[in-house]
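# Per-entry structural report
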Amino acid sequence: MSTKVSGVLRLIATLAVVLLGTLAVLVVLDIIPRDLLQAWCIKVLLVTGIIAVTALVVSLLARKGPGE
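Just so you know, these numbers come straight off a predicted model, no measurement behind them.

### Describing the overall build of the protein
- Of the regular secondary structure elements, the protein holds two helices and zero strands.
- Scaling as 2.2 N^0.38, a compact globule of 68 residues should have a C-alpha radius of gyration of about 11 Å, whereas the protein reaches 16 Å, well beyond that.
- By principal-axis analysis of the C-alpha atoms, the protein measures approximately 55 × 20 × 15 Å.
- Carbon and sulfur atoms provide 75% of the accessible area of the protein, an area that totals close to 5,700 Å².

### Remarks on a nonpolar patch on the surface
- Among the surface-exposed residues, Val25, Val28, Leu29 and Ile31 lie close enough to one another that they form a single nonpolar patch of about 410 Å² accessible area.
- Within the fold, Leu29 resides in the loop between α1 (3-28) and α2 (34-63).
- For Leu29, a relative accessible area of 55% gives the class exposed.

### Here we look at unusual backbone geometry
- In this structure, Asp30 is a non-glycine residue whose phi angle is positive, near 60°.
- Position of Asp30 relative to the elements: it lies in the loop between α1 and α2.
- Judged by relative accessible area, which is 57%, Asp30 ranks as exposed.

### Comments concerning α2
- Taking 1.5 Å per residue as the helical rise, α2 with its 30 residues ought to reach 44 Å, and the 42 Å between its terminal C-alpha atoms agrees with that figure.
- The axis of α2 is deflected most strongly, by about 45°, at Trp40.

### A few points about the environment of Leu60
- Turning to its location among the elements, Leu60 is positioned in helix α2.
- For the pair formed by Leu60 and Ser2, sequence separation is 58 residues and the distance between their alpha carbons is 11 Å.

### Brief notes about the packing of α1 against α2
- Where α1 contacts α2, the two axes come as close as 10 Å, and the packing angle between them is 170°. Relative to α2, the element α1 lies roughly antiparallel. For the pair α1 and α2, contact is made by Val5, Ile12, Leu23 and Val27 and by Arg34, Leu37, Ile51, Ala55, Ser59 and Arg63, respectively.
- Taken together, the residues of the contact of α1 with α2 sort by class into seven nonpolar, one polar and two charged.

Definitions and cut-offs
Residues numbered from 1 in each chain as written. Predicted model: local features only at pLDDT ≥ 70, side-chain atom pairs only at ≥ 80, totals over all residues. Heavy atoms only, no water. Helix = DSSP H or I, 4+ residues; strand = E, 2+ residues; numbered from the N terminus. Rg over C-alpha atoms; globule rule 2.2 N^0.38 Å. Areas by Shrake-Rupley, 256 points an atom, 1.4 Å probe, with all protein chains shown as cover. Patch = residues over 30% accessible without salt bridge, like charges linked within 9 Å, V, L, I, M, F, W, Y side chains within 5 Å. Salt bridge = Lys/Arg side-chain N within 4 Å of Asp/Glu carboxyl O. Buried < 20%, exposed > 50% of the residue type's maximum accessible area, 1.4 Å probe, protein only. Expected span 1.5 Å × (residues − 1). Bend = angle between axes of the 7 residues up to and from the residue. Axes fitted to C-alpha atoms, helices over the stretch in contact; angles between N-to-C directions. Parallel < 35°, antiparallel > 145°, perpendicular 65-115°, else oblique. Contact = heavy atoms within 4.5 Å. Nonpolar A, V, L, I, M, F, W, Y, C, P; charged D, E, K, R; others polar.

Structure below.
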């Protein structure tokens, strides 16, 4: 795996961990009620999936050169 791809994947993983940690803290402190979290859970999973697929496509496009 090239350095660019590793860097992009590491950045996305870091962002995902920070976002999940922030969400967990907000739920534990009851800033976001659990009922609301359950309603938004599917949307959060879909957004995470979209980000993952987008990152994969970007990393694959970055790997290919202009003549390939």
